[in-house]
Amino acid sequence: MIRITAVVFAATLTLANQVAAQEQWGVSVGMTPTWKATDSLRFLFSADEVELEGSEFRIGVVRGLVYGGEWGLSYVDKPVDEHSSLNADMETCSRGTCGLFYRTLPDVRLTGVEWHHFHPFKTWKERVQFGTVGAIGIGWLRGNVYRRRTTEESDVESFDIEAGELFPPRDTMNVMPLLKMELAVAGILAPGFKVRASGGFSMPGYETFSLTFIYLIPKWQ
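What comes next is a walk through the structure. (Residues numbered from 1 in each chain as written. Predicted model: local features only at pLDDT ≥ 70, side-chain atom pairs only at ≥ 80, totals over all residues. Heavy atoms only, no water.)

### Observations regarding the side chain of Ser-210
Following the sequence through the fold, Ser-210 ends up in strand β12 (residues 205–216). Accessibility expressed as a relative area gives 1% for Ser-210, which makes it buried. Of note is the side chain of Ser-210, whose polar atom sits 3.5 Å from the backbone oxygen of Met-31. Here Arg-58 takes part through its side chain, which lies 3.2 Å from a polar atom of the side chain of Ser-210. Ignoring sequence-local partners within four residues, the contact set of Ser-210 consists of Met-31, Thr-32, Arg-58, Arg-196, Ala-197 and Ser-198. (Helix = DSSP H or I, 4+ residues; strand = E, 2+ residues; numbered from the N terminus. Buried < 20%, exposed > 50% of the residue type's maximum accessible area, 1.4 Å probe, protein only. Polar contact = N/O pair within 3.5 Å; in protein donor to acceptor, adjacent residues only side chain to side chain. Contact = heavy atoms within 4.5 Å.)

Next comes the structure, spelled out in structure tokens:
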């Protein structure tokens, strides 16, 4: 009888743990005050000098565990600050072009969709988590930029070039990949409610500080 009771008790605890560990759906809202792309990332833009800067806003749906990680899909909006610039000096002239200089005009932005995953390495006292955030997605550059094209004879200025030319192969597709690799610290402030701070690489630049609010909706009993 004691053995049967022990087995039933153990099975009950196992089932309770499984129920407690079930993933929940939720929502997330995030913001990044500033991201920057400097000369250290010039290889991404096939350029010699890069000075791009902007901010970021994210909103999406997530699925995960209160005391574990989560994954989700978000809409991403990254405005690019006016007067950000990119300079590409070619070693040899190609098709009459010897160099390209771009400067962003108002309302240039990168918008798209992004899939992310937060993986905690450690959780302390069910309050603080440390881990990584990885993401991948696709975005579209919108708006116009100023372009100065240097030729063998002169400089040709244009004020209505599509922003897609900032990213190689410098055509009118306007498509740019989204990629994120960041270290993160999350605080569990209330049941189902987390705040996560992170920083690292987030295409098209580096984020010093990013803040994300996550709410996991309780399941109906």
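Now that the structure has been shown, we can carry on.
### Considering the pairing of strand β7 (residues 128–142)
Remark: a regular strand shows side chains that alternate across the two faces of the sheet. Two elements, strand β6 (residues 109–124) and β7, share 15 bridges in a ladder whose sense is antiparallel. By the bridge assignment, Trp-124 is partnered in β7 with Val-128. Turn length for the β6-β7 hairpin, with the two strands adjacent in sequence and antiparallel, is three residues, and the turn residue Lys-125 shows positive phi of about 50 degrees. Across 13 bridges, β7 lies against strand β10 (residues 175–190) in antiparallel orientation. Pairing of Gly-131 across the sheet is with Ala-184, part of β10. (Pairing = 2+ DSSP bridges.)

### Quick notes on unusual backbone geometry
Omega for the bond connecting Pro-168 with Pro-169 falls within 30 degrees of zero, at 15 degrees, which places this linkage in the cis form. As for its position among the elements, Pro-169 is in the loop between β9 (155–162) and β10. The amide bond that connects Met-203 to the next residue, Pro-204, takes the cis arrangement and shows omega of 20 degrees. Take Pro-204: it is sitting in the loop between β11 (193–202) and β12. Not every positive phi belongs to a glycine, and His-83 is a case in point at roughly 75 degrees. Here His-83 lies in the loop between β3 (70–79) and β4 (85–94). Owing to a relative accessible area of 54%, His-83 belongs among the exposed residues under this scheme. If you check the backbone angles, Glu-126 has positive phi at about 55 degrees while not being a glycine. Within the element layout of this structure, Glu-126 appears in the loop between β6 and β7.

### Focus: the packing of aromatic side chains
Here the structure, examined in full by the defined rule, presents six aromatic pairs. Centre to centre, the rings of Trp-25 and Trp-71 are 5.8 Å apart; their planes meet at 75 degrees, and the pair counts as edge-to-face. Residue Trp-25 is located in strand β1 (residues 24–37), and its partner Trp-71 is located in strand β3; the two are separated by 46 residues in the primary sequence. Taking 6.0 Å as the distance between ring centres and 90 degrees as the angle between the ring planes, the aromatic pair formed by Phe-45 and Phe-167 counts as edge-to-face. (Phe/Tyr/Trp six-rings, centres within 6.5 Å; stacked < 30°, edge-to-face > 60°.)

### Digging into the pattern of salt bridges
In this structure the tally under the stated criterion is nine salt bridges. Salt-bridge contacts for Glu-114 lead to Lys-180; the nearest nitrogen and oxygen are separated by 3.7 Å. Of this pair, Glu-114 sits in strand β6 while Lys-180 sits in strand β10, and the two are 66 residues apart along the sequence. Residue classification places Glu-114 among the buried positions, given a relative accessible area of 3%. Put simply, Asp-155 and Arg-148 hold a salt bridge, and the shortest N to O gap is 3.9 Å. The exposure class assigned to Arg-148 is partly exposed, which follows from its relative accessible area of 29%. One network of salt bridges, in which partners are shared, links Glu-56, Arg-58, Lys-78, Glu-114 and Lys-180. (Salt bridge = Lys/Arg side-chain N within 4 Å of Asp/Glu carboxyl O.)

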